[in-house]
Amino acid sequence: MKISKHSRRAFLRGAGVSVAIPSMLSLLTRSEAASLAASTTESGVPLRMAFMSIPNGVQQDHWFPTTDGDTLALSPTLQPLESVKHQLQVIGGLKHENATAGNDGAGDHARANATFLTGARARKTAGKDIHVGISVDQVAAQGTSGSTRFNSLELSSDAIRNSGSCDSGYACAYQYNLSWSSATTPVTPEPNPRLVFERLFGTGSHGQRQKNFEIRQNSNRSVLDFVLEDARDLQKKLGSYDRHKLDEYVSGVRHVEEGIRSTEKFGSVPDPTQQTPLGIPNDFGKHIEINLDLMLLAFQTDSTRIATLLIGYDGSNRTFPNLGISEGHHYLTHNQRVPELAEKVAKIDRFYIERFAAFLEKMDAVQDVDGKTMLHNSMIVYGGAIADGNRHTHANLPVILAGSGGGKFTTGRYLKVQDKPMSNLYVEMLNRFGIATDSFGDSTGRLEEIF
Amino acid sequence: MRIKTRTVGFARSFDCRCSVIAIALIFSAMSPHSRAQSDENQFQNVILPTLKTYCFDCHSGDAKEGGVQFDSENQDGLRSDKTLWLKVLRNIRADMMPPRDAEQPSRESKIALTEWIHAKVFQIKADDPFPGPAPIRRLNRVEYRNTIRDLMGVDFNAEVVFPPDDTGFGFDNISEAMSLSPMLIEKYFQAARSIVEDAVPKTTWVTPSTKWYGKEFQSEDHSKNGKSIRHDQPVTVQKRFEIQHAGEYRLILKEKLDGSFDFHPGHYQIQCLLDGNELYTDKYKWEEDKFIDHVFVLSLAPGSHHLSIQLSTLENGEFEISEVELKTRSVTYEILSATLDGPMGEAFREHPHGYPYFFPREAPPADVAGRREYALEILSRFATKAYRCPVSPVSCERLVSIAESIYQQPEMSFESGIAKAMMAVLASPQFLFRAEEVETLDEVSQYPKVDEYGLASRLSYLLWSTMPDDELIALAARADLRKNLASQIERMVQDKRCNEFFESFAGQWLRARDVENVSIDPIAAMGFQKEYSILRNRFAGRGLGRRSRQNETAEAPETVTARARFTELNEMRNRFDAGVRSAMRKETEMSFECIVREDRSLLDLIDADYVFVNEKLASLYGLEGITGNAMQRIPLPAGSPRGGVLTQGTMLAVTSNPTRTSPVKRGLFILDNILGTPAPPAPPNVPALEDAADRFGGREPSLRELLAAHREAALCSSCHSRMDPLGLALENFNAIGGWREKEADQPIESAGELITGEKFSDIRELKRILKTDRRRDFYRCVTEKLFVYALGRGLEYYDDVAVNTIVEKLDREGGRFRVLLNEVINSAPFQRRALSQDELHQPQGQ
């Protein structure tokens, strides 16, 4: 048998079975050491939370199952999920009111992107006074801060930026970020897989990373005081707006400080046997796959329990030459009246689902200490804040909740709820994650239906 | 905000106080009450009659179109509504209001209205306009990379390591739009460390060292080299070298073994010889990315030597290897490098590469106090350069402490301590942000000037996207920069660093940057999509290769022709390949550069009798006789539709959809970036363009017909009648910028009419109208864009006076770029700043 050089070295191929992971026992001790009830299941293993977003809505009639109820009959678009459908629920009837036009006029894509994880209405501005709301993953991250080496991980498969303005008078920050650590500060996602890997595990090859990771942290430690003093000096000279900019700097430095403390707390840094991935792959599909593999690896090594992935930014007009689609995605979604073009939209929807399904399969192949699979002990939201890309509706959003949150959710079904805010789902997830809260974004209550 | 005190401070503040008293005296002559009365009289006698004549028809009483009512009862509220009056200004300037079929106010009335709005509504003094705030600005990716290059002498690839900067108001250097996430801080720390690692030497002395790479090891006939040698092809490669001094040397040989996986790995032997004497012999086999180091200590005589590597293939032992397997395996051996250190010994030692750049003395002193003093000297000089302004002694002391904390450790060098302190500088907010101090208040303005260091940075980041060079800083230090402003601007514009301005400013304003990433299918763009898909279904995957065709009997002539056509269409893809896109981008940048460097009129951007092209771009444009890959400026034939940015590949492609042109987006581009009168965003839930197709009863309508049907809806008409005619005038250019006479088999009709009434028959006439009748709109648009880019903030109502002044002057001076640049640099918003956020929204009128 001859295996090509390329495929033999493909990063993390079949990661679900071949990745060297720290012994599960040590994971268990670690989470016990942290003595946090939050972000763990009843059996004491880590509970993971992830969110990923697709752009431009979906071809609804191809996407949603036609019959609801306890046996999930997958629609044509969702077919690739067949082998893991017992571990997920397709949810219909969720909405994002704050993604609708309201009094803000055009700019649906930027607005939807900003609302997806925040449930908040983005203030319409081209660059000044940016304001939306904290995102659900960041509420979780801040609420469980210090329980893993990294509080959260933000990834992106969409690194292309155009110059000029973004969607209809909205600042670009709304369109390119999912996570917001406060109403005014987006958490920039990292598109480069190599940098994600090095941030998590250190630079260099297997065996050298721990040392390099420590060098990096020691080096940072020695300059922390200096830069904070410099910041204080500068602060005195500035007006109130500028002080706010400096506050962002200072809180970033605190974050580096926390990182150092948490490494000390957790002792050794996991060192996966894989090669460090190269930069951003040319192929879009590969880029999504490698990001999902990194997410899996971060979960497996318990480097973090919270992750987001911006699969494509909303409004993306990407073409899919590999699928024989030379028209742009955004353009196609506005031409669903032409059956031939609607088929292409469905094809793109399925392309995204295929990647998601492969990820879930890998999650389902990893066994946790409690004997369950890692997918079982997770809650993963896949979807977007536009329902129908043609009419730009924001009700009946395409949403999949994968994993059963440690055996709590009822999976393997198409759950139809009656026109409820997506934020209700987030409230329920936050509570499941150990963060007691009654509200989030524009929630009107909890979404008990998922249990 | 700290106001700088200088020795001249007393005299200045004294003057200042005098002028305040003088102003107070003038005003006290007129009581507040009588002033209010005179304002009211002016409004009643001058402004109100104009409004009554030209605006009341639609904007008074019950007729409050667009929600605007000039006779509203709340006159105080109306007359202080800055947003409303800014709209009024914009509309009358662009001739949008009154509508063109209504009676038009005279130029004098317009000027009077403008002055009234400036003075009474905006409360801005024409001779001392409110300069606005000057928010601190973080270096963006491009600025960071350039600044590191100039400060440290290394190239740091910020585009790979840092996430893209969020843009605001069309540019990526807008203070408020550039948020700073914790991840980015982490990256700044990491970047600081790796940059210092690369750039700053960690020792005083090193042994002389020479390094050769695999390629420099050549076989006798030069057909092979040490970069990659196959295990089954015996070969000897060698490197000859000379040494001057006899002595002890150290040779470090780094090798890499690699290969593809096979049933049976290949075995081979490597023998390494120096001047014919064996250094080592080893047996190797297939390995994946295995790295091997060999180190030898040698005693060498002066003169010529040669180092050779002999590879010989070994028997395969017990395994049977088939022919096929022999062919498919590719086990390779690579010499990564050979390093010769020596001669050893103090007599021969030298400074590491780049040492004097950071360390001016031969060697650091040995005593504690001397070291401290030297550290302070190095670090305060470095921090001053990095922070682009003098650094406080306290801050310098802190840096010295960092250095000491390292070099006082056993086995740690003085230099590595300095390096650590330099890392701290690169991670400091004073390096990453540009914060400015101000001068003492002067007598001409109530707003202070930015100090000269701040001005030096404003200039250098505007024109070079990098830190000020030594000359600018030296001038600022002597407070001579303002005195020499004109000559410095000239020097900076002619400097090669100014290319950054063309790439960043023009690249974003005219969206030239985006052409490299825009996704367009060239075959569809040229209108061959249907033909191509038929041919592809017929031939794709059926072996265009010779072999499969040999098996068929003679093909029918029709098949041969069709196949040739399929090949031809496939090759058309390269009309919009990476090379052509890059040429397009350069074309736009060079058009702008030419205007800046040669001080030509900005109107050349609308229309010019020359273009910048290389062979491939010229051929796409249908221009003949251009050869070579180099971009060249060529005169256009008379009557050519080309010339100016509207007919450049960049603009034509970035406004297109993946398979076709978009007249709407092109029209919008002209409104946004040429006329400066952007259309409001489309309302949500508009029906798609193609929905209008239903009315044509099965017939395929042309894009023009579709747009016309679309415009019938009142909701769409108000904006689309502005955008569409502009875009339709460009329909002769396909989505990749090539010329066409037809679209969907129908002749192109490029005639149209501007919302302001000017009629044109094609793009040539449209360009003529833009550069004559509408030139002031264009001047205003460029002025605003340049201000946004230069100030790093969006423009507000109070900037209107500065913009207006420049537009007037530009028009008098024929649109020369240097007039624009000089005026922007000398304007209040660029030279001065409001002191703090708290004063922001209260310009001090009277």
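**Student:** I keep staring at the overall build of chain A and nothing clicks. Help me out?
**Tutor:** A tally of regular secondary structure across chain A gives 14 helices and nine strands. For chain A, the residues scored as buried account for 57% of the 451 residues in total. A sequence separation of at least 24 residues applies to 70% of the contacts in chain A between residues at least 6 apart.

**Student:** I tried to follow the overall build of chain B on my own but got confused; where do I start?
**Tutor:** Helix and strand counts for chain B stand at 34 helices and 19 strands. Residues classed as buried in chain B amount to 40% of the 846 residues present. Expressed as a percentage of contacts within chain B between residues at least 6 apart in sequence, the contacts between residues at least 24 apart total 72%.

**Student:** Where do I start with the sheet that holds strand 9 (residues 277-285) of chain B in this structure?
**Tutor:** Backbone-to-backbone hydrogen bonds pair the strands of a sheet. The strands run either parallel or antiparallel. Residue and element names in this part refer to chain B. Strand order across the open sheet formed by five strands is 4-6-11-8-9, with antiparallel pairing between neighbours. Unpaired on one side and paired on the other, strand 4 (218-219) and strand 9 mark the two borders of the sheet. Note that strand 6 (residues 235-243) and strand 11 (residues 303-313) share nine bridges and pair antiparallel. Considered in strand 11, the bridge of Val-237 is made with Ile-309.

**Student:** Looking at this structure, I do not really get the nonpolar core. What am I missing?
**Tutor:** Grouped burial of nonpolar side chains is what soluble globular proteins tend to show. Ranked by size, the top nonpolar core spans 287 residues in total, and within it Met-295 of chain A together with Leu-379 of chain B carry the most contacts. The greatest single-element share of this core, amounting to eleven residues, is contributed by helix 13 (residues 339-365) of chain A. Leaving out residues up to four positions away in the same chain, Leu-379 of chain B has contacts with Cys-396, Leu-399, Val-400, Ala-403, Ile-418 and Ala-421 of chain B.

**Student:** What am I meant to see in the packing of helix 9 (residues 209-237) of chain A against helix 13 (residues 393-407) of chain B here?
**Tutor:** Helix-helix packing is described using two parameters, namely the angle between the two axes and the distance between the axes. Interaxial distance between helix 9 of chain A and helix 13 of chain B falls to 10 Å at its minimum, and their mutual angle equals 175 degrees. With respect to their mutual orientation, helix 9 of chain A and helix 13 of chain B come out roughly antiparallel. Here helix 9 of chain A contributes Ser-222, Val-223, Phe-226, Glu-229, Asp-230 and Asp-233 of chain A to the contact with helix 13 of chain B, which in turn contributes Ser-395, Arg-398 and Ile-402 of chain B. Split into classes, the residues belonging to the contact of helix 9 of chain A with helix 13 of chain B amount to three nonpolar, two polar and four charged.

**Student:** Can you help me understand the confidence of the model for chain A in this one?
**Tutor:** Per-residue confidence for chain A gives a mean pLDDT of 85, with 90% of residues at or over 70. Under a pLDDT of 50 for its full length, residues 1-36 of chain A has, in the predicted model, 52 contacts with residues more than four places off or in other chains.

**Student:** Got a minute to help me understand the packing of helix 32 (residues 800-812) of chain B against helix 33 (residues 817-826) of chain B in this structure?
**Tutor:** All names here are of chain B. Contact geometry of helix 32 with helix 33 gives a least axis separation of 9 Å together with a crossing angle of 155 degrees. Classified by the angle between their axes, helix 32 and helix 33 sit roughly antiparallel to one another. Pair helix 32 / helix 33 crosses with right-handed handedness. Of the residues in helix 33, those touching helix 32 at Ile-806, Lys-809 and Leu-810 are Val-819, Leu-820, Glu-823 and Val-824. Its residues assigned to classes, the contact of helix 32 with helix 33 comprises five nonpolar, no polar and two charged.

**Student:** Explain the sheet that holds strand 2 (residues 88-95) of chain A to me, please; I cannot follow it from the model alone.
**Tutor:** Residue and element names in this part refer to chain A. Here we have seven strands laid out as an open sheet, ordered 3-6-1-7-8-2-9, and mixed in their pairing. Two strands in the sheet have a free side with no partner beyond their single neighbour: strand 3 (153-156) and strand 9 (413-421). Each adjacent strand pair in this sheet contributes to an overall mean axis angle of 20 degrees, direction not counted. The pairing of strand 2 with strand 9 spans six bridges and is parallel. From the neighbouring strand, Val-90 faces strand 9, where its bridge partner is Tyr-414.

**Student:** Quick question: what am I supposed to make of the environment of Asp-293 of chain B here?
**Tutor:** Residue and element names in this part refer to chain B. In this structure, Asp-293 sits in strand 10 (residues 290-300). The class for Asp-293 is exposed, based on 9 C-beta atoms found within 10 Å. Sequence separation between Asp-293 and Leu-336 is 43 residues, and the spatial gap between their C-alpha atoms is 9.8 Å.

**Student:** I would appreciate a short explanation of helix 31 (residues 775-791) of chain B in the present structure.
**Tutor:** Along an α-helix, a turn takes 3.6 residues, which lines up residues three or four apart on a common side. Residue and element names in this part refer to chain B. Over its 17 residues, helix 31 extends 24 Å from the first C-alpha to the last, a length consistent with the 24 Å expected when each residue adds 1.5 Å. With 15 of 17 residues buried, helix 31 is to be regarded as a mostly interior element. Note on helix 31: the residue one or two positions beyond its end, Gly-792, has a positive phi of about 70 degrees.

**Student:** Honestly, the pairing of strand 12 (residues 331-341) of chain B in this entry has me stumped. Any pointers?
**Tutor:** Sheet faces and side chains relate simply in a regular strand, where the side chains alternate between the two faces. All names here are of chain B. Where strand 3 (residues 209-213) meets strand 12, five bridges bridge the pair, whose relative direction is antiparallel. Note that in strand 12 the partner of Thr-210 across the bridge is Leu-340. Note: strand 5 (residues 229-230) against strand 12, two bridges, orientation antiparallel. What sits directly across from Ile-229, in strand 12, is Tyr-333. Where strand 7 (residues 247-259) and strand 12 come together, ten bridges link them in antiparallel fashion.

**Student:** Explain the environment of Gly-757 of chain B here, please?
**Tutor:** Among the secondary structure elements, Gly-757 of chain B is positioned in the loop between strand 18 (752-753) and strand 19 (759-760). Sequence spacing of Gly-757 of chain B and Ile-406 of chain B is 351 residues, and the spatial spacing of their C-alpha atoms is 74 Å.

**Student:** Sorry if this is basic, but what is going on with the confidence of the model for chain B here?
**Tutor:** Any residue range with low pLDDT should be treated as having predicted coordinates unsuitable for detailed reading. Averaged over every residue, the pLDDT of chain B is 86; the share at 70 or more is 88%. With pTM at 0.83, the complex prediction returns an ipTM value of 0.81.

**Student:** Explain unusual backbone geometry here, please?
**Tutor:** The phi torsion of most residues other than glycine is negative, and most of the peptide bonds are trans. Residues and elements named next belong to chain B. Residue Pro-98 is bonded to the preceding Met-97 through a cis peptide linkage, with omega at -10 degrees. Between Gly-342 and the following residue, Pro-343, the backbone shows a cis peptide bond with an omega angle of 0 degrees. You can see Pro-343 is positioned in the loop between strand 12 and helix 11 (355-358). The backbone phi angle of Arg-388 is positive, close to 65 degrees, even though this residue is not glycine. By secondary structure assignment, the location of Arg-388 is in the loop between helix 12 (368-387) and helix 13.

**Student:** In this structure, what is going on with helix 19 (residues 499-509) of chain B? I would like to understand it.
**Tutor:** All names here are of chain B. Among the eleven residues of helix 19, ten are classified as buried, and the element is accordingly described as predominantly covered. Here helix 19 has its buried residues at Glu-500, Phe-501, Phe-502, Glu-503, Ser-504, Phe-505, Ala-506, Gly-507, Gln-508 and Trp-509. Among the residues trailing helix 19, Arg-511 stands out with phi positive, at a value near 60 degrees.

**Student:** Even after reading the chapter, I still don't get the pairing of strand 6 of chain B, so can you show me in this structure?
**Tutor:** Relative to strand 6 of chain B, strand 4 of chain B runs antiparallel, the two sharing two bridges. Paired with Gln-218 of chain B across the two strands is Gln-238 of chain B, which belongs to strand 6 of chain B.

About the cut-offs
Residues numbered from 1 in each chain as written. Chains lettered and ligands numbered in written order. Predicted model: local features only at pLDDT ≥ 70, side-chain atom pairs only at ≥ 80, totals over all residues. Helix = DSSP H or I, 4+ residues; strand = E, 2+ residues; numbered from the N terminus. Buried ≥ 20, exposed ≤ 12 C-beta atoms within 10 Å, placed from the backbone. Contact = placed C-beta atoms within 7 Å. Pairing = 2+ DSSP bridges. Core = buried A, V, L, I, M, F, W, Y, C linked by C-beta atoms within 7 Å. Axes fitted to C-alpha atoms, helices over the stretch in contact; angles between N-to-C directions. Parallel < 35°, antiparallel > 145°, perpendicular 65-115°, else oblique. Nonpolar A, V, L, I, M, F, W, Y, C, P; charged D, E, K, R; others polar. pLDDT = per-residue confidence, 0-100. Left-handed = near helix turned anticlockwise from the far one by under 90°. Expected span 1.5 Å × (residues − 1).

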